[in-house]
Amino acid sequence: MKPHTSPTPHLFHPRARRRWTRALGTAAALSATTLAAQAQPASGPGLQLYGLVDAAVGRFAGPAAGINAQDRAVTKLDGGGMSTSHWGVRGTEDLGGGLSAQFELSSFVRNDSGATGRSDALPAPVNVAADPVFSRAAWVGVSHRDWGRVRLGNVTSLLFLNSITSNAFGDSTVLGPLNLVTFIGSPLTGGTAWANSVVYDSPSVAGFNASVAHAISEAQGGGNSAARLAYAQGPWAASLAWQSVKKNPGTFADGTSPNDTRAWQLAASYDFEVVRLFAHLGRIENRGTAAAPLNLSYRVWDVSAAVPVGAGRVLAGYAVRRTSDTVGPVPATVAGGNVERKVFTLGYDYFLSKRTDLYAMVMRDSTQTRTLPAPPSVVSAQGTGFAVGVRHRF
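Below you will find a few notes about this structure. Predicted model only: the values in this text are computed from it and were never measured.

Digging into the overall build of the protein
A tally of helices and strands in the protein yields three helices and 18 strands. Taking all 394 residues of the protein together, 47% fall into the buried category. Long-range pairs, those at least 24 residues apart, make up 61% of the contacts in the protein between residues at least 6 apart in sequence. In the form shown here, the protein has an accessible surface area of approximately 17600 Å², with 63% of it arising from carbon and sulfur atoms.

And the structure:
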């Protein structure tokens, strides 16, 4: 894409507003194509090969799960900064009368090494480096234009879908503040996708749509349940998601502990044309296990913004997760912190085309951890990292 050579009009001139609106619209459309969980079928009958490859090089102050008191910054190339790299196949068949059959199979790929899986960020028992081939999505379903859609299989969780479709950083779990404090190094269980799921998605009515999901137990604890209600009309968008996780055997997409948890998240955004603002409020309740029950609550909130500038967007976000309950002490080397985590990210995302963008981001990560040995004390840790990368969709 060639750079603009004409003088830049005044910000509030009608021509300037149209340019900014088009830029933000393009940015929103590009973000939508990267959102893993949406799992939309191909636009017409047939088979579609699709995917995304993202690579970033930079200085990372600790793993994606958060910094700890003994971390040192590491310079590396990471396969996936703004989006987790993946590929997949999906398709649809027109069955007539508004009814269609659909499927999706999708796999994570670590393009820094060529291996499957997401990264080395989370070790056993989660061990995302050992994700099964189609751990990102593996489902089949039927849909009707008037009745909605039913999917069966491994489907992205509704809470993760709610998060990645309603913040300025989209589906980034490396640089996006909201996703980092909610899903990575968090007390939340359930992960980002649920195996053995039955999911119903309603059609859109007057800007509203709803989804409900249940992951069948199959003798691995209780089943998981979730619901989501979303609204989008004009510049406004809002959504509310809730989930209860009891099936959490610590496999590829099921979270970082065996604990039962409940969570909710309220999201809202407004497009002012010169800036789109996003905000979230949420809560995570850690219930522990039947053998070791807990009653710990964590508050989560964030604000983020996307400002169209030139052929790209300035992105900024700040997210906080904290608890006022007394939590059990852990080693100071635990990443993420079990009392508080705060993440601030600022950067620029430049679109070379509708499918390719370049980005540069700076992130400040701060944690507070209640540590061992006795008597427990709260230890603070901070780190600043940066990353520059390229993302391409196909």
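More follows now that the structure is in view.
Details of the pattern of salt bridges
As enumerated under the stated definition, the model contains twelve salt bridges in all. Ionic pairing is found between Arg 136 and Glu 104, a salt bridge with its closest N-O pair at 4.0 Å. Of this pair, Arg 136 sits in the loop between strand E5 (115-116) and strand E6 (137-144) while Glu 104 sits in strand E4 (residues 99-110), and the two are 32 residues apart along the sequence. With respect to class, Arg 136 is no different from Glu 104; both count as buried. The residue Arg 283 makes a salt bridge to Glu 285 at a minimum N-O spacing of 3.6 Å. Each of Arg 313, Asp 349, Asp 357, Arg 391 and Arg 393 takes part in one network of salt bridges that share partners.

Notes on the side chain of Ser 100
On the secondary structure map, Ser 100 appears in strand E4. A relative accessible area of 12% means that Ser 100 is categorised as buried. For Ser 100, the side chain forms a polar contact with the side chain of Gln 102, separated by 3.3 Å. Beyond its immediate chain neighbours, meaning those up to four positions away, Ser 100 contacts Thr 92, Glu 93, Asp 94, Leu 95, Gly 141, Val 142 and Ser 143.

Quick notes on the side chain of Thr 345
Topologically, Thr 345 is positioned in strand E16 (residues 340-351). Look at Thr 345 and you get buried, because its relative accessible area is 0%. Within the local environment of Thr 345, its side chain forms a polar contact with the backbone oxygen of Leu 175, the two atoms lying 2.8 Å apart.

Overview of the nonpolar core
With 21 residues, the main nonpolar core has Leu 159, Phe 183, Leu 188 and Ile 284 as its most contacted residues. At four residues, the largest contribution of residues to this core is made by helix H3 (residues 177-183). Not counting chain neighbours up to four residues away, the residues in contact with Phe 183 comprise Leu 159, Phe 160, Ser 163, Leu 188, Gly 191 and Thr 192.

Here we look at the packing of aromatic side chains
Inspection of the entire model under this criterion finds seven aromatic pairs. Centroid distance Tyr 348 to Tyr 350: 6.3 Å. Interplanar angle 35°. Geometry classified as tilted. By relative accessible area, which is 25% here, Tyr 350 ends up partly exposed. The structure contains a cluster of three or more aromatic residues connected by ring pairs, namely Trp 236, Tyr 270 and Phe 272. Stacked on the ring of Tyr 50, the Lys or Arg Arg 90 has its end atom at 3.9 Å from the ring centre.

Here's the deal with unusual backbone geometry
The peptide bond linking Leu 372 to Pro 373 adopts the cis configuration, its omega dihedral lying at -5°. Tracing the backbone through its elements, the reader meets Pro 373 in the loop between strand E17 (356-371) and strand E18 (377-393). Cis geometry is adopted by the peptide bond preceding Pro 375, which originates at Ala 374 and carries an omega value of -10°. Following the sequence through the fold, Pro 375 ends up in the loop between E17 and E18. Here the phi dihedral of Asn 196 falls at roughly 55°; this positive angle occurs in a residue that is not glycine. Topologically, Asn 196 is positioned in strand E8 (residues 193-201). Take Asn 196: its relative accessible area is 28%, and that puts it in the partly exposed class.

Thresholds, definitions, all that
- Residues numbered from 1 in each chain as written.
- Predicted model: local features only at pLDDT ≥ 70, side-chain atom pairs only at ≥ 80, totals over all residues.
- Heavy atoms only, no water.
- Helix = DSSP H or I, 4+ residues; strand = E, 2+ residues; numbered from the N terminus.
- Buried < 20%, exposed > 50% of the residue type's maximum accessible area, 1.4 Å probe, protein only.
- Contact = heavy atoms within 4.5 Å.
- Areas by Shrake-Rupley, 256 points an atom, 1.4 Å probe, with all protein chains shown as cover.
- Salt bridge = Lys/Arg side-chain N within 4 Å of Asp/Glu carboxyl O.
- Polar contact = N/O pair within 3.5 Å; in protein donor to acceptor, adjacent residues only side chain to side chain.
- Core = buried A, V, L, I, M, F, W, Y, C linked by side-chain atoms within 4.5 Å.
- Phe/Tyr/Trp six-rings, centres within 6.5 Å; stacked < 30°, edge-to-face > 60°.
- Lys NZ or Arg CZ within 6 Å of the ring centre and 35° of its normal.

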